[in-house]
Amino acid sequence: MSPKKKTTKKATKTVKKTKAVKTVAKKPALKSAVLKPRVKKTAKAPQLLRGMRDILPADQNYWDFIYDTTRELARDFNYGRIETPLLEETNLFVRAVGKDTDIVQKEMYTFQDIGGETITLRPEATASIARSYVTHGMLNQPQPVKFWYWGPMFRHERPQSGRYRQFFQFGFEALGEESPVLDAQLIMIANDFFKDMNLPITVQINSLGTPESRLAFKTELVSYYRSRRGQLCDDCKKRLNKNPLRLLDCKDEGCRGLRNEAPQIIDWLDEDSKNHFMKVLEALDEADVPYVLNPFLVRGLDYYTRTVFEIWPEGDDDEARQNALGGGGRYDLLVEMLGGRPTPAAGFAIGVERVITYLRSAEAKVPAVEKPEIFFAQLGEQARVKALALFEDFRKARIPLAEAFSKDSLKAQLEIANKLGAKYTLILGQKEVLDGTILIRDMEAGIQEIVDQKKIVREVEKKIGKSAAG
Ligand code: HAM
């Protein structure tokens, strides 16, 4: 049997089946069963998980504004877009972020997949990007390789203002470059972003040196705090052994009082790190990027070496620190830690939700999402079908249309058009379908014109052009 014949037979079968259903559907009892399938009610409607949010259309102007600004910056500074998976081997983050960090100890969404592999929803993207650099042998490309990214991160934190369990970050990372000018360029990009947003910020900056110099500093720090153990908060007593640097950014008042007299990391830097840091600061001065030297800034991830920085909203220190808009720094050893060749690198990430909160509280002007200027109203079954074809003509001309296909009455549709602020409403009724015409109603003036359906797209183009010009 030829394939063609086979198809015909199948098609006939389908037709027969459809007919059978139609005949049965005429019986009223079954008809209602077909139209209203019973929904089994469960006890409780599904809820949003704690710390997760829906991002609704009404908020999209903020998201678009931030995304568009980021993409333009990436283009201006020649950073290429990278997307890495949301799921990675757990071990990647344990090795990169550090096994004693809060992220790895308390905040990761880690589970076994069906295959029995232990995997983690990414809590941040730098580790994945360093992994990707190694996976794809990017060492062989011209260095530095520059990336930017945008996407959701997951941390099982205690939900509180500005802290979500799924949140978005965008970030810039440059791998394969040691020059302090790169650190300064990254800080400049972050600073430019906030200039473009019209939001006042401060760049907080410090240097953490090398693992060796940091070790010497840690020993000194631990001995300083050990002799004052009684004055530390419970968390810091635990941190003293596991992660002593974090004592420097504890919020507790007692711990705060102690840190002013504590040894400062800057005094423990090796000569090369000190020089590197001075050059970063010089480059920032040269580029007119203001910064605040912050000896207590240590960051919460272990991969950093040398420069670290954070972007804080301008204002009271404590609150600003709590609402850090972004952070980053150098991570010269990360690629090697993940099995690659020695590759100096640096980058930063900004929290999108935090930027939005700041934009809102600063009542910043954010461009509105473009709304369709044209509403398409239809009357009757035939008009509704015809409307679909006309929609496609408008789509090809890239003219967005609003509609309300579920509404039958013209009054209801005009009301919606008014609410949406449409400038013109196209009206297609039974008569127009037969005539091959369509009405254009100027919503403000209340005047209607009859137009040939074939010319409607051109006509609307002219009208929008006219209204846009004046
Ligand atoms: P991070 O400081 O952990 O750094 O996060 C960067 C920014 O993400 C924070 O300053 C904050 O705005 C936002 N953020 C973090 N956690 C949350 C949360 N739970 N809810 C809402 N926003 C949050 C990193 O992630 C590094 N990967 C940055 C980096 C890139 N370093 C080098 N390259």
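For the structure, check the block above.
These remarks concern the structure in this document. None of the values given here were measured: they were computed from a predicted structure. (Residues numbered from 1 in each chain as written. Predicted model: local features only at pLDDT ≥ 70, side-chain atom pairs only at ≥ 80, totals over all residues. Heavy atoms only, no water.)

Read across the open sheet, the 8 strands follow the order β1-β5-β6-β11-β10-β9-β7-β8; overall the sheet is mixed. Each having just a single partner strand, β1 (80-81) and β8 (292-293) make up the two edges of the open sheet. Where strand β7 (residues 201-207) meets β8, 2 bridges bridge the pair, whose relative direction is parallel. When the sheet's bridge partners are listed, Gln204 is paired in β8 with Val292. (Pairing = 2+ DSSP bridges. Helix = DSSP H or I, 4+ residues; strand = E, 2+ residues; numbered from the N terminus.)

This part takes up unusual backbone geometry. A cis amide bond links Gln143 to the next residue, Pro144, at an omega of -5°. Counting through the fold element by element, Pro144 comes out in the loop between α6 (126-135) and β5 (145-154). Its identity is not glycine, yet Arg299 carries a phi of approximately 65°, on the positive side. Along the polypeptide, Arg299 turns up in the loop between β8 and β9 (307-313). For Glu363, which is not glycine, the phi torsion reads 45° and is therefore positive. By the secondary structure assignment, Glu363 is in the loop between α14 (352-361) and β12 (374-378). Take Glu363: its relative accessible area is 71%, and that puts it in the exposed class. (Buried < 20%, exposed > 50% of the residue type's maximum accessible area, 1.4 Å probe, protein only.)

A word on the pattern of salt bridges. Scanning the entire structure with this criterion turns up 23 salt bridges. Here Glu461 makes a salt bridge to Arg458, at a shortest N to O gap of 4.0 Å. A residue pair is termed a helical-turn pair when its members lie 3 or 4 positions apart in one helix, as Glu461 and Arg458 do in helix α18 (residues 456-469) at 3 residues. (Salt bridge = Lys/Arg side-chain N within 4 Å of Asp/Glu carboxyl O.)

With that out of the way, let us pick up a negative patch on the surface. Among the surface-exposed residues, Asp64, Asp68, Glu72 and Asp196 lie close enough to one another that they form a single negatively charged patch. At 3 residues, helix α3 (residues 60-76) tops the list of elements feeding residues into the negative patch. (Patch = residues over 30% accessible without salt bridge, like charges linked within 9 Å, V, L, I, M, F, W, Y side chains within 5 Å. Areas by Shrake-Rupley, 256 points an atom, 1.4 Å probe, with all protein chains shown as cover. Lys, Arg positive; Asp, Glu negative; His and termini not counted. Charge placed at Lys NZ, Arg CZ, Asp CG, Glu CD.)

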